[in-house]
Amino acid sequence: MRKKIAAANWKMNLTLAQGEQLINDILQAGIKLQEGQEVVIATPFPYLLKAKALLKNYPGFYLAAQNCYSEKSGAYTGEVSAEMLQSVGVDYVILGHSERREYFQESNAMLAKKIDVALAYGLKPIFCCGEPLEIRKAETQNAYVASQLEESLYHLSAEQLKQVVIAYEPIWAIGTGLTASAAQAQDMHAFIRAQIAEKYGREAALGLSILYGGSAKPGNAGELFACPDVDGGLIGGASLVAADFTAIISKLA
């Protein structure tokens with residue numbers, strides 16, 4: 001049974017005190033995770049140690065970083081390595097988020113290196129993929145996402161792929177006023193799973209968790225998570241409000 005995951009991506013938000021309060025509010029909400037369900041919280045780098053301490057006694061709750069660098073170490077001022085993240089107890093790392101691709105020009109080739117270094121240090125990558133508006137309008141989204149998968153993941157062995165979670169981001173539906181329907185999400189998730197099956201086999205594809213990263217909220221999370229190929233969500237804005245995020249967690253299949 002593949003994991004069902006609610007992952008919070010705080011992005012560049014909250015002070016340390018606000019973040020601590022948010023985690024405490026989530027933990028004190030009395031969430032009862034079922035077998036195979038996980039909650040992942042991706043805080044800004046300065047808060048990782050505090051977050052780890054808060055989460056350590058809560059089974060099913062895991063810590064993520066929002067990025068890491070593609071090199072193991074060296075003269076890269078301002079960057080954070082996978083080894084550093086491992087040393088403070090990070091479990092997951094988000095790689096290839098649409099904002100990293102757009103604002104920092106992260107390429108598929110660079111992300112392949114990041115995937116490798118994350119896996120080398122025991123981190124589980126949450127690999128983000130998805131198409132911008134012009135690609136969706138041209139109806140070439142399948143080929144676009146297939147290229148992202150091929151260029152960043154297909155060098156991995158089937159055993160390595162077991163450590164990877166994929167998050168589909170319909171970039172055209174984030175902050176644009178447009179909305180991706182549950183049917184559109186399911187279509188792309190099923191396509192991604194079919195691509196993985198073609199490359200790695202049906203068993204590998206069925207074991208892969210694929211999250212929806214398109215502005216899921218309490219109001220639409222249930223419909224999205226009920227789709228057969230949607231295994232949870234990578235949540236942005238709604239993860240900054242304890243009541244909203246706990247409501248989303250409760251919608252996990």
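Before any of the text, the structure's been laid out above.
Cut-offs applied
Residues numbered from 1 in each chain as written. Predicted model: local features only at pLDDT ≥ 70, side-chain atom pairs only at ≥ 80, totals over all residues. Heavy atoms only, no water. 1 Å grid on protein atoms, 1.4 Å probe; cavity = no way out; pocket = protein on both sides within 12 Å on 5 of 7 lines; lining within 4 Å. Points joined across faces, edges and corners; volume = space filled by probe spheres on them. Helix = DSSP H or I, 4+ residues; strand = E, 2+ residues; numbered from the N terminus. Nonpolar A, V, L, I, M, F, W, Y, C, P; charged D, E, K, R; others polar. Buried < 20%, exposed > 50% of the residue type's maximum accessible area, 1.4 Å probe, protein only. Polar contact = N/O pair within 3.5 Å; in protein donor to acceptor, adjacent residues only side chain to side chain. Contact = heavy atoms within 4.5 Å. Pairing = 2+ DSSP bridges. Right-handed = clockwise from strand over helix to strand, strands pointing away.

**Section: empty space enclosed by the protein**
Here's step 1: A full pass over the atoms with the stated rule returns one cavity of 30 Å³ or more.
Here's step 2: The wall of the largest cavity is formed by W10, L16, G19, E20, I23, T43, Y47, K50, A51 and L54.
Here's step 3: Those elements that place two or more of their residues in the lining of the largest cavity are α1 (16-27) and α2 (48-55).
Here's step 4: Among the elements that take part in the lining of the largest cavity, α1 stands out by supplying four residues, more than any other.
Here's step 5: In terms of residue class, the lining of the largest cavity is made up of six nonpolar, two polar and two charged.

**Quick look at the side chain of K4**
Here's step 1: Mapped onto the elements, K4 comes out in strand β1 (residues 4-9).
Here's step 2: For K4, a relative accessible area of 17% translates into the label buried.
Here's step 3: Separated by 2.9 Å, the side chains of K4 and D231 make a polar contact.
Here's step 4: Those residues in contact with K4, other than ones at most four positions away along the chain, are G36, Q37, E38, V230, D231, L252 and A253.

**A word on the pairing of β1**
Here's step 1: Among the six residues that make up β1, six are buried, leaving the element largely enclosed by the rest of the structure.
Here's step 2: Side chains K4, A6 and A8 of β1 all project onto a buried face; the interleaved residues I5, A7 and N9 project onto the opposite face, where all are buried too.
Here's step 3: The pairing of β1 with strand β2 (residues 37-42) spans six bridges and is parallel. Paired with A8 across the two strands is I41, which belongs to β2.
Here's step 4: One crossover worth recording links β1 to the parallel β2 by way of α1, and it is right-handed.
Here's step 5: Relative to strand β8 (residues 232-235), β1 is paired through four bridges, and the arrangement is parallel. When the sheet's bridge partners are listed, A6 is paired in β8 with G233.

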